[in-house]
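# Observations on the three-dimensional arrangement
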Amino acid sequence: MSQSRFFIALLPPQTIQDYANEVIQSLGDRYHTGVSKAPPHVTLQPPFEWSVARQPDLETCLSSFAIQHNAVPVQLSGFGAFPPRVLYINVLKTPQLLALQTNLMATLETQLAIANPQSKQRPFSPHLTVASRNLTRQTFNQAWEELRSHPVEFEFVGDRLTLLIHTGKHWRVEQEFPLTIA
């Protein structure tokens, strides 16, 4: 059976994606860093393998989930790091965002047996990655010093779940599932 890699995220509006892409490009130019080839996003369900033949089951589950859950406010505030490999724009852990992610992971596990063992071992840390590849300790420290005090503030409404699929070269938006607007 043919398998593909998928993940589920909240994608910010284009203006925020453009800002994140500028930061990614700037870090890449100066420190030769990179990120996974996906649009800037907040991961809700980390990458998982899934049968292409069962993709309709996944989409039905996500559609049903989305209509039962409200859109969530998302606040980006400052930069953060997971030393020594990841730099990101910090996403505030609001109760609404935490509940959406917890409920989504529970639904996927219960209905489709999709589970991420690492996610069960550590708390959800929402973030928008700007550098995660080719970082040495030295370049990580230099880039982190540059970013750590740089102000950044954005807000948006996470009004849709986005299912992304890996093409073998990059991540592509496969489908979006609108959340209920309260």
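What this report covers is the structure whose coordinates are included nearby. (Residues numbered from 1 in each chain as written. Predicted model: local features only at pLDDT ≥ 70, side-chain atom pairs only at ≥ 80, totals over all residues. Heavy atoms only, no water.)

The contact between helix α1 (residues 14–31) and helix α5 (residues 137–147) brings their axes to 11 Å, and the two run at 135 degrees. With respect to each other, α1 and α5 are oriented oblique. In the crossing of α1 with α5, the sense of the turn from one axis to the other is right-handed. Facing α1, whose interface residues are Val-23, Leu-27, Arg-30 and Tyr-31, α5 presents Thr-139, Gln-142, Ala-143, Glu-146 and Leu-147. Residue classes in the contact of α1 with α5 are distributed as five nonpolar, two polar and two charged. (Axes fitted to C-alpha atoms, helices over the stretch in contact; angles between N-to-C directions. Helix = DSSP H or I, 4+ residues; strand = E, 2+ residues; numbered from the N terminus. Parallel < 35°, antiparallel > 145°, perpendicular 65-115°, else oblique. Left-handed = near helix turned anticlockwise from the far one by under 90°. Contact = heavy atoms within 4.5 Å. Nonpolar A, V, L, I, M, F, W, Y, C, P; charged D, E, K, R; others polar.)

Right, let's talk about the sheet that holds strand β6 (residues 153–158) for a bit. Pairing between the strands of a sheet comes from backbone hydrogen bonds, and it takes one of two forms, parallel or antiparallel. Strands sit in the order β5-β4-β3-β6 across an open sheet of four strands; the sheet is antiparallel. Looking at which strands have only one partner, the edges of the open sheet turn out to be β5 (127–131) and β6. For this sheet the average axis-to-axis angle between neighbouring strands, irrespective of direction, equals 35 degrees. Taken together, the four bridges between strand β4 (residues 86–91) and β5 define a ladder with antiparallel strand orientation. Paired with Asn-90 across the strands is His-127, a residue of β5. Relative to the sheet, α1 contacts β3 (72–82), β4, β5 and β6, its axis offset from that of β5 by approximately 30 degrees. (Pairing = 2+ DSSP bridges.)

Coordinates in, geometry out; function isn't part of it.
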